[in-house]
Amino acid sequence: MLVGGVCLSGCVGAFDPQVDAASPVAPRVVALVEANRSYPRWEDFPKATPAPEPVQVAARVNTLRATGGALAGEVERLEWTLGDAEAFQRDVAARIAATPVSPEAVQTTEDIEARAAALRARATAPPPIDRPRP
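Residues numbered from 1 in each chain as written. Predicted model: local features only at pLDDT ≥ 70, side-chain atom pairs only at ≥ 80, totals over all residues. Heavy atoms only, no water.

Some thoughts on the overall build of the chain
In plain terms, the rule: Here a strand is any run of E in DSSP of at least two residues, a helix any run of H or I of at least four, and the numbering for each starts at the N terminus. Categorising residues by exposure relies on relative accessible area from a 1.4 Å probe, with only protein chains included: less than 20% of the type maximum marks a residue as buried, more than 50% marks it as exposed, and the intermediate range marks it as partly exposed. In short, Shrake-Rupley with a 1.4 Å probe defines the accessible areas, and a residue's cover is counted only from the protein chains shown.
When helices and strands are counted, the chain shows six helices and zero strands. Burial analysis of the chain (134 residues in total) assigns 1% to the buried set. Surface exposure of the chain reaches about 13,100 Å², of which carbon and sulfur atoms provide 64%.

If you want it as structure tokens, here you go:
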């Protein structure tokens, strides 16, 4: 019991921090702390609303069951086309092959690096101009 009291007494200082009086913002900090010391008040919390009656809960559950059953019926009527994975893969590959590819997308990493090196070489500054000294 004594150990618990000693441990808790060590936390008390954490809830009452000291403000450095030499700080230029100390008066503002103290004013804000004092203005909000009583917050939150019970009046600030929303009022409790009564729980719905069991009949209302049962009606909502039945509504959810009915809409869930309707959704399951709609899903059953869907025509699923992914029965043959290999045929789906061939269809996707054929669609990709039929799509034209831009020339930029065809470039390899080596092409891109060579173009970047050429642009870097063009971007080097020219040698300095000799100026006569006065």
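What follows continues from the structure just given.
Considerations on the pattern of salt bridges
Stated formally: Between Lys or Arg on one side and Asp or Glu on the other, a salt bridge is scored when a side-chain nitrogen of the former is within 4 Å of a carboxyl oxygen of the latter.
Inspection of every chain in the model, using the stated rule, returns four salt bridges. The closest approach of N and O atoms between Asp44 and Arg41, which form a salt bridge, is 3.1 Å. Since its relative accessible area comes to 34%, Asp44 is described here as partly exposed.

Thoughts on the confidence of the model for the chain
Spelled out, the test is: Confidence of the predictor at the level of single residues is captured by pLDDT, which takes values from 0 to 100.
A residue-level look at the chain finds 87% of positions with pLDDT of 70 or above and a mean pLDDT of 83. Across the chain, element-level confidence peaks in helix H3 (residues 54-77) with a mean pLDDT of 95 and bottoms out in helix H1 (residues 2-12) with 56.

A few points about a nonpolar patch on the surface
For clarity, the cut-off: Here a patch means residues that are over 30% exposed by relative accessible area and free of salt bridges, tied together within 9 Å if like-charged and within 5 Å if nonpolar (Val, Leu, Ile, Met, Phe, Trp, Tyr).
A cluster of nonpolar side chains, Val19, Val25, Val29, Val30 and Val33, forms an exposed patch at the surface whose accessible area comes to about 350 Å². Mapped onto the fold, Val30 is located in helix H2 (residues 26-35). Val30 gets classed as partly exposed once you look at its relative accessible area, which sits at 38%.

Details of helix H4 (residues 85-98)
So the rule is basically this: A helix is expected to span 1.5 Å multiplied by its residue count minus one.
Compared with an ideal rise of 1.5 Å per residue, which puts 14 residues at 20 Å, H4 spans 20 Å between its outermost C-alpha atoms and is within 8% of the ideal. Taken across its 14 residues, H4 has zero buried, putting it largely on the surface.

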